[in-house]
Structure formats: structure tokens, C-alpha cells
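Structural overview for review
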Amino acid sequence: MPASPSTARAINDRLALRLLQQDGPLTATQLKTLTGLSRPTVADLVERLQGAGLIRVVGESGAVRRGPNAKLYGIVADRAHLAALDVRLGSVSVVVTDLLGATLAEGSLPIGSDTGTEPAVERAAALLERTARAAGSVPLHSVGVGAPGLIDPVTGELRDSTGLPAWHRGLVRELQWRLPATVLVENETNLAAVAEHRAGAARDRETFVLLWLGQGIGAAVMLDGKLRQGASGGAGEIGFLPVPGVSGLPSAVNCDGGFHSLAGSAALCELAAAHGLLDPGAVTDGREEAAAVDAVRTALDAGEAGEPFLKELADRLALGSAAVVSVLDPGCVLLAGAVGHAGGATLAARVEERLAAMSPLRTEVRAGSLGDGAVLRGALITARDAAQDALFAPEG
């Protein structure tokens, strides 16, 4: 059935708003070209969106002839604010932006393992509130939260997971209770994949797997442009993947003995120490990720002296990647997280070469381009999409 006039107007408005958000500001003539709509239809939607307070004239194009089509229209970016939180084992980072993603305020704070659940929740929530106030008086509309662990696909809540701080779940509940904004929570690795797909190294890929190499290890699955969380929200829990080269097997509550024990930061520190790239006594508890990053950079700078470490590291990463590739055939694997970013294109090329020798399925391996900031970027994209769906849907 053909769309009703009101439905057609809503579809056209949404299309124009998305183009203005991604490519704007734009003139009416540019909107006509990009949407394929007629000039009268574009004129009507511009008037309608201006009346709804969604767009406004932000300047003029460089056209010599002045007229309605020379006006540049842009999103009313300060209609609402967005926030993103990156919740780690021992810290939380916050950024507040306008609807176009311009950073207005940001902050972070450490939360030690000896901090009680209620104090930790209060400190993290207060950080968000302070940052939001610093950004101005415009209210928060949507808040994206990235955290380690499983997200229940039915309720959207962070599930209770062994080994993760209790304040993580408490923070999500607290924010949902005390904020008038929409609070959306997603696994940190999945958000990194969203960010790399929309604004990073996988912009030209609709299907890929992101391998997150940080304190822990995880994977995110993007198939046909859609994030796949799995039946219980656990797609990509590659840390539990049984692999050779480690003692024992992982359990339902502990990934020791899985791929985590081969490629997590603690395992990489042990590997680097065995190759004389770091002093194991200098690696303090909770600093394994930073030490692993330093070891990778040291090996890359060391030339021939760093080759044995880099070869073994690539072998380990290829082992886990091969298991994923053999099941999903994604065509592309992205090495992300702090360690993946440190290894860059050099490490990615080594993993690709090793993977090609292990699997008949042709797979490109790339380094993520957004580094450790990918989680916040993905959380912001999630918040922005939610705000757009709610705010940029004027009545027909």
C-alpha cells in the first residue's frame, strides 16, 4: 500500500534531518539533490521543520544569486544535550555534547576497588550531574552507558556478573531513577564496534568482528550493518573461548583458562617479561593494560629485538580470530582497545598473515582507528540515535 500523506511527510522529514545531521548545513537545493524530492516538497518540509524548532537558518551558501535556496539550514543543536559514560573496573569517564556531537563538557574520576558500592555509585552519578551542569542549562535527553559485562537483551539491564564491581549495576539503576533522561546501557566492546563502524576504521564494512584488546578481552559482531548481541546478550564473549596453550579450561563464572588467559593484558605482560621487554615486578595490580601497551610499543620500536614477542603475540591473536572467522566468515577483523591501537597497522598485518595460513577464509585484519575513546564515541552515537528518534519525528 502507498504511504499516507502524513506518513510520507514523516519519512521525508526524517530523511532530511538525518542528512542535515550527517552532512549539514545544507541548502534547500542540496536537500533536493540528496533526497530526490521535488522542489515544492523540500520547501514544505523545510518550513515544517523550522516551525517545529528542529532546524534553523545558520548562514548562506557561496552562491552569487541571493534567494531562498542560498540559505544554509542546520540542526538546532542546542535543543537538547546528550551524555556518554565509559564505566571501567576502576574509573568512570563522562562527556556531554550537543545534538551534533560537539563536546560541551567532560570529566573523569578513579574509583578504587576498596570503595563501597553506595559511595562509588554516588560519586559516579555526581560526576555526570556536575558535567551536565558545566555544559549549560539545556536538559539531558539521552545518556549512553558503556560497561563491561552482559546486557540482558530483553530488559536492557546490565546483568550481575562474577568479577565485576557491584557499583556498575547500581550506577545504571541510580541514573535511571534520578535522571529525567533516557538511559541506555550497552557492552563496552559492542559500543566500540558501533563507533568504528560509524566513524572509524570499519566505515566501509557492513560485516566485521571487532576484537577488543584491553585489560580483558572481548569481541563484537557486526553483521549486515547490525550489531548482534546473541540470545542472552553474550555474543562475543571470546574470553571464555577454550584454546590450546593455557592450563585448564574456563568455567561459567571465570574465563581463566580461556582465550583471556592467552591474550588478556596480564597474559601479555607475562609474555613481554619472558622476552625481556618489561620488569614483571614493576607491574602493579590494575596496571596490566598500561604495561601491555608499553610492551607492544617497545617491541615495535626495538626492530629485530622485538620480533620474537610480536610474532608470538600475532600467533595468539590469530588463534582466537581463527575460531571466530571459521564460524562467522566476517571478511574483516578489527584489532581495537588500547593494545590493538598500540599495535596499529604493523600488528594487524602480522595477524592477517598468520590467519591466512590457518584459515581458508580470506580475512582482512585492520587496526581500530579510535583507540581507547571508541567506547565513549559509541555511547554518544547510541544516545544521539535515541534522541533523533524521539525529537526528530515531527507530526505529519
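For the protein chain, the name recorded in an unreviewed UniProt entry is ROK family protein, with Streptomyces anulatus as its organism. What UniProt states about the protein chain under its Sequence similarities (unreviewed entry) heading is, verbatim, "Belongs to the ROK (NagC/XylR) family."

So, the sheet that holds strand β8 (residues 208–213)
Strand pairing in a sheet takes place through backbone hydrogen bonds and is either antiparallel or parallel in direction. Pairing is mixed in the open sheet, where five strands are placed in the order β10-β9-β8-β11-β12. This sheet does not close on itself; its edge strands, each paired only once, are β10 (226–227) and β12 (364–367). Packed on one face of the sheet, helix α10 (residues 307–328) meets β8, β9 (217–223) and β11 (332–336) and runs near 155° to β8. Running at roughly 160° to β12, helix α11 (residues 337–358) makes contact with β8, β11 and β12 of the sheet.

Topic: helix α3 (residues 39–51)
Taking 1.5 Å of rise per residue, 13 residues should cover 18 Å, and α3 covers 18 Å from first to last C-alpha, within 8% of that figure. Inspection of α3 places Val42, Leu45, Val46 and Leu49 among the buried residues, and these make up the whole buried set. End-on view of α3: buried residues confined to an arc of 105°, all on one side of the axis. Exposed and facing more than 90 degrees away from the buried side of α3 are Pro40, Glu47 and Gly51. On its buried face, α3 sits against α1 (5–23), α2 (28–35), β1 (55–60) and β2 (71–75). Glycine 53 occupies a position one or two residues after α3 and carries a positive phi of about 75°.

Considerations on empty space enclosed by the protein
Per the counting criterion, the structure on display carries one cavity of 30 Å³ or more. The volume enclosed by the largest cavity comes to roughly 50 Å³. Every residue lining the largest cavity is listed: Glu157, Leu158, Arg169, Val172, Arg173 and Gln176. Across the lining of the largest cavity, the residue classes tally to two nonpolar, one polar and three charged.

Cut-off values and rules
Here the residue numbering is sequential within each chain, running from 1 through the sequence in written order. Per-residue local features of the predicted model are confined to residues with pLDDT of at least 70, and side-chain atom pairs are confined, for both listing and counting, to 80 or more; whole-chain, interface and lining totals are unaffected and use all residues. With hydrogens and water stripped out, all remaining heavy atoms of the structure feed into the side-chain values. UniProt positions are given in the numbering used here, feature names are shortened, and annotations may be inferred rather than shown by experiment. Strands are labelled as partners when DSSP assigns at least two bridges between them. Secondary structure follows DSSP: runs of H or I at least 4 residues long count as helices, runs of E at least 2 residues long count as strands, and numbering of each begins at the N terminus. Throughout, a residue-residue contact means that at least one pair of heavy atoms, one from each residue, lies within 4.5 Å. Axis definition: a line fit to C-alpha positions, over the contact stretch in the case of helices; interaxial angles, taken between N-to-C directions, run 0 to 180 degrees. What a helix should span is 1.5 Å times the count of its residues minus one. Only protein chains enter the accessibility calculation, which uses a 1.4 Å probe; a residue is then buried when its area is under 20% of its type maximum, exposed when over 50%, and partly exposed in between. When we speak of the arc, we mean the arc of directions from the helix axis to the C-beta atoms. Put simply, the grid is 1 Å and covers the protein atoms alone, a cavity is a trapped set of points that fit a 1.4 Å probe, a pocket is an open set with protein on both sides within 12 Å along at least five of seven lines, and lining residues have an atom within 4 Å of a point. Grid points are joined across faces, edges and corners, and a volume is the space filled by probe spheres set on the points. Side-chain classes follow a simple rule in which Ala, Val, Leu, Ile, Met, Phe, Trp, Tyr, Cys and Pro form the nonpolar group, Asp, Glu, Lys and Arg form the charged group, and the remainder, Gly included, forms the polar group.

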